[in-house]
Amino acid sequence: DGGITQSPKYLFRKEGQNVTLSCEQNLNHDAMYWYRQDPGQGLRLIYYSQIVNDFQKGDIAEGYSVSREKKESFPLTVTSAQKNPTAFYLCASSNRAGRLLEKLFFGSGTQLSVL
Amino acid sequence: KNEVEQSPQNLTAQEGEFITINCSYSVGISALHWLQQHPGGGIVSLFMLSSGKKKHGRLIATINIQEKHSSLHITASHPRDSAVYICAVRETSGSRLTFGEGTQLTVNP
C-alpha cells in the first residue's frame, strides 16, 4: 500500500542531544513537509521541500534541520538549539507544492518528549 | 486573532445527530481543506474546496468565498466519527497552508 511512514512513534530527547525523525513516502510525490503540532494550536510549518536536493524554511525553522537526498525521504533533525522540542511532529507529502487543489497525505506522527 | 478560526472547539453529540463545524478565515484564499485527525495522530484529507459544495458519504463541506466561511456537516453521526476536525486554507498570496486549531468531536452511542 502507498503511504507515508514516520518513525519512531515515540521519541525521547536528552538535554543537548540531537535527534532525527524519519519520514519515508512511496507515493512518488515531489513535495514533502514537516509540521509541528502543539496542544491548542494549529499545525505550524517547519520545513518543506518541493524537489530533491532543495528545501525551504517554514514559519518555525529555528532549531531544526532537514535534508532531501532522495525523493522518498525527508528526515527532520531536532537540534539542541531547539529549546522547546516537546511536540507532535507530522510529515506530509503532495504531488506538487503550491498546486491549487493538491491533496496532502500525512504520516501517523512522532511524539517527541524531553527527558 | 488567528487567520483561521474554528468553532466550536469541542463538540459532544449523540449518535444519529446532525453535526456542523464552522471555519472562518480572514485572508484571501485559493483553496480550503478539511482534515480529520484520529486518536493516535494520523491525519486524513476529507475535502478540498475552492467554491460551492462537496459531498462524500455522510460528510458535506460547503464554502462561501464572499463571507470567508466554510462548514463541515456530518449527517447521522456515529461514534467512529469521533476525531479532531481541522480546517486549513491556502492563501492566494503563497503556497503554504494555514491551519485552524481543530474541533474535537465526540459522538456518544
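Our structure is the block above this text.
Since this is a predicted model, take the numbers as computed values, not measurements.

So, about the environment of B:Tyr25. Residues and elements named next belong to chain B. Position of Tyr-25 among the secondary structure elements: in strand S3 (residues 19–25). Distance from Tyr-25 to His-69, taken between C-alpha atoms, is 6.5 Å for residues 44 residues apart in sequence. Not counting residues within four places of it along the chain, the set of residues in contact with Tyr-25 comprises Glu-3, Val-4, Leu-32, Ile-63, Asn-64, Ile-65, Lys-68, His-69 and Val-89.

Residues and elements named next belong to chain A. Taken as a whole and assessed by the stated rule, the structure comprises two disulfides over all chains. Covalent S-S linkage joins Cys-23 and Cys-91, the inter-sulfur distance amounting to 1.9 Å. Every disulfide takes its handedness from the sign of the S-S torsion; for Cys-23 and Cys-91 that torsion is -75°, giving left-handed. Of this pair, Cys-23 sits in strand S3 (residues 19–25) while Cys-91 sits in strand S9 (residues 87–94), and the two are 68 residues apart along the sequence. We note that Cys-23, like Cys-91, is buried.

What follows is about the packing of aromatic side chains. Residues and elements named next belong to chain A. The final tally for this structure, using the stated rule, is six aromatic pairs over all chains. Measuring from ring centre to ring centre gives 6.3 Å for Tyr-33 and Tyr-48, while their planes differ by 20°; the resulting arrangement is stacked. Within this pair, whereas Tyr-33 is found in strand S4 (residues 31–37), its partner Tyr-48 is found in strand S5 (residues 44–51), the two being separated by 15 residues in sequence. Of the two residues, Tyr-33 and Tyr-48, both sit in the buried class.

Right, let's get into the pairing of strand S7 (residues 59–64) of chain B. All names here are of chain B. Where strand S6 (residues 52–56) lies against S7, five bridges are found, and the strand directions are antiparallel. Following the sheet pairing, Lys-55 is matched in S7 by Ile-60. The pairing of S7 with strand S8 (residues 69–74) spans six bridges and is antiparallel. Residue pairing for S8: Thr-62 is matched across the bridge by Ser-71. Linking S7 back to S8 in an antiparallel pair, the connection comprises four residues, with Lys-68 at a positive phi of about 55°.

About the cut-offs
- Residues numbered from 1 in each chain as written.
- Chains lettered and ligands numbered in written order.
- Predicted model: local features only at pLDDT ≥ 70, side-chain atom pairs only at ≥ 80, totals over all residues.
- Heavy atoms only, no water.
- Helix = DSSP H or I, 4+ residues; strand = E, 2+ residues; numbered from the N terminus.
- Contact = heavy atoms within 4.5 Å.
- Disulfide = S-S within 2.5 Å.
- Buried < 20%, exposed > 50% of the residue type's maximum accessible area, 1.4 Å probe, protein only.
- Phe/Tyr/Trp six-rings, centres within 6.5 Å; stacked < 30°, edge-to-face > 60°.
- Pairing = 2+ DSSP bridges.

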